[in-house]
Amino acid sequence: MKKRNIYIALFLISITGLAIVQYQYLKIGLNLAKVQFNTSLGRVSDEIALGLRTENQLTYLIGRALKEDTSYFKISIDSVQDASRYFLNDFITEKLATNGIDTDFTYRLISKDSTYYLESPIKFKIDGDIETYPIEISGYLPKIFERPVLLELQFKNLNSYFLTKLNGLTLPSLLFILGIFIAVVWVLRTYYWQRNVITTTNEFINNLTHELKTPVFSIGLATKILNESAFTEQKPILNIIKQQVKRLTIHIDKVLELGNLESDKNVLQLENVDFRPYLSRLCEEFSTLISIENVSFNYTLEERAFIIKAAVFHLENAVNNILDNAKKYSLTPKIELNAFIKKSKLIIEISDNGVGLSQEDKEKIFVKYYRVSDADGAQAIKGYGLGLSYVKKVIEKHKGSVSIESEKGKGSKISIIIPIQNEQYKA
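Residues numbered from 1 in each chain as written. Predicted model: local features only at pLDDT ≥ 70, side-chain atom pairs only at ≥ 80, totals over all residues. Heavy atoms only, no water.

Caption draft 1: Region of the structure containing the overall build of the chain. A tally of regular secondary structure across the chain gives 11 helices and 11 strands. Here the chain holds 427 residues, and 36% of them are scored as buried. Long-range pairs, those at least 24 residues apart, make up 69% of the contacts in the chain between residues at least 6 apart in sequence. (Helix = DSSP H or I, 4+ residues; strand = E, 2+ residues; numbered from the N terminus. Buried < 20%, exposed > 50% of the residue type's maximum accessible area, 1.4 Å probe, protein only. Contact = heavy atoms within 4.5 Å.)

Caption draft 2: Broad picture of the sheet that holds strand E11 (residues 412–419). Read across the open sheet, the 5 strands follow the order E6-E8-E9-E11-E10; overall the sheet is mixed. The open sheet is flanked by strand E6 (296–301) and strand E10 (401–406), the only strands paired with a single partner. The average angle at which neighbouring strand axes cross in this sheet is 15°, direction not considered. Pairing of strand E8 (residues 334–342) with strand E9 (residues 345–352) involves 7 bridges; the strand directions are antiparallel. From the neighbouring strand, Leu337 faces E9, where its bridge partner is Ile350. (Pairing = 2+ DSSP bridges. Axes fitted to C-alpha atoms, helices over the stretch in contact; angles between N-to-C directions.)

Caption draft 3: Expanded view of the environment of Leu88. Within the secondary structure, Leu88 is located in helix H3 (residues 77–98). Note: C-alpha distance between Leu88 and Leu109 (21 residues apart in sequence) is 9.6 Å. In contact with Leu88, other than residues within four places in its own chain, are Leu52, Leu58, Ile62, Tyr107, Leu109, Leu118 and Leu151.

Caption draft 4: Fine view of the environment of Ile92. For Ile92, the position within the fold is in helix H3. Here Ile92 falls in the buried class, since its relative accessible area comes to 0%. Apart from the residues within four sequence positions on either side, Ile92 is in contact with Ile48, Phe105, Tyr107, Leu151 and Leu153.

Caption draft 5: The arrangement of the packing of aromatic side chains in detail. Taken as a whole and assessed by the stated rule, the structure comprises 6 aromatic pairs. On the basis of an interplanar angle of 85° and a centroid distance of 5.4 Å, the ring pair of Phe37 and Phe155 is categorised as edge-to-face. Here Phe37 is found in helix H1 (residues 2–51), whereas its partner Phe155 is found in strand E4 (residues 149–156), with 118 residues between them in sequence. Judged by its relative accessible area of 3%, Phe37 is buried. Phe155 sits in the buried class, given a relative accessible area of 0%. (Phe/Tyr/Trp six-rings, centres within 6.5 Å; stacked < 30°, edge-to-face > 60°.)

Caption draft 6: Examining the side chain of His398 more closely. Tracing the backbone through its elements, the reader meets His398 in the loop between helix H11 (387–397) and E10. Separated by 3.0 Å, the side chain of His398 and the backbone nitrogen of Ala311 make a polar contact. Beyond its immediate chain neighbours, meaning those up to four positions away, His398 contacts Leu268, Leu270, Lys309, Ala310, Ala311, Leu315, Ile418 and Pro419. (Polar contact = N/O pair within 3.5 Å; in protein donor to acceptor, adjacent residues only side chain to side chain.)

Caption draft 7: Structural detail: the nonpolar core. Ranked by size, the top nonpolar core spans 41 residues in total, and within it Phe275, Leu279, Ile308, Val319, Leu323, Leu337 and Ile348 carry the most contacts. Core analysis: the second largest hydrophobic core is formed by 32 residues, Tyr107, Leu151, Leu153 and Leu158 among them. (Core = buried A, V, L, I, M, F, W, Y, C linked by side-chain atoms within 4.5 Å.)

Next comes the structure, spelled out in structure tokens:
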């Protein structure tokens, strides 16, 4: 629960930080857009002032409309004023468009004392955010009015206009943030869903293995009772049953411990031991177990103490798993175990003449629940894909490593490497 809260907090902080960074970039973009707008509007102002400076068809029409002089026209003064409004509006629109400004605008052409004025055909409502840019007109118009003349350009909601210009930045940014948010939420949801499934599965396996302990204990007890009254020729068979019951007990304990190993609980109590006697006994028991099977097993243990820091029970289980796999993966198994010390490491090598592994299988063989398939893709080996996963976790808890050398059809060799503890045995 604590880790989940940390992940969620980290995710929220990251998304918030990303949003803040994008917001800052947006502010910078808006400021740059405003600077660009003002620069473009400065050029527009110069061009409009230049176009209205001299006497031409437009300025002459505007002058007649403002003076309400129709002596040169055969239409009413209202028509002259309307015509001048639209012609001036078209003139300003052209200059704005030429300089890349395509937002709505209105204008007023006035003298400084507002005695004369000409308004745009389109007017803004007062309720909006309106910005006014005055342009001082010189030349012909001020001359005929004998007073200064101003052209006021008005723009509404310029921030909205700037945002539309930044859509190429804002929309992708928002979409990317939304995509990241959805993806991370989906990953977290999937992760915790799978975690709940694994937890439920582990609980089921733990309950099942606990239930198996009772019949295994009963079989072991019955074997002891039978051993007391058994004939001499029956005792070897009873000994094999006892070994198999012990082996089954070890497998049950292994499944129970595997869940604890995966949860990083400190279930391994490591202590300095000489592992050679334990390994020797394990090899002898394995030899006895396979004595009634068509299996060849040879082992060589270097004549020196194997002082390592280990949890003997789990390390024995790991070696037993590898030996058991070596027996299962061959029709006529030939197994060799060699243990020796080299470069301050205890090395246990277990070789077999089994079916071998492809490169793909070698990369996945230590993954939990992975099982090797035959050439047709069917599951060829009985099991649950837990053995080598358990081995890897146990060896890693011992600060060691496990590796495999194998070739399809030519057998395999698995090497366990564990650091030794006693300086006098380092070579």
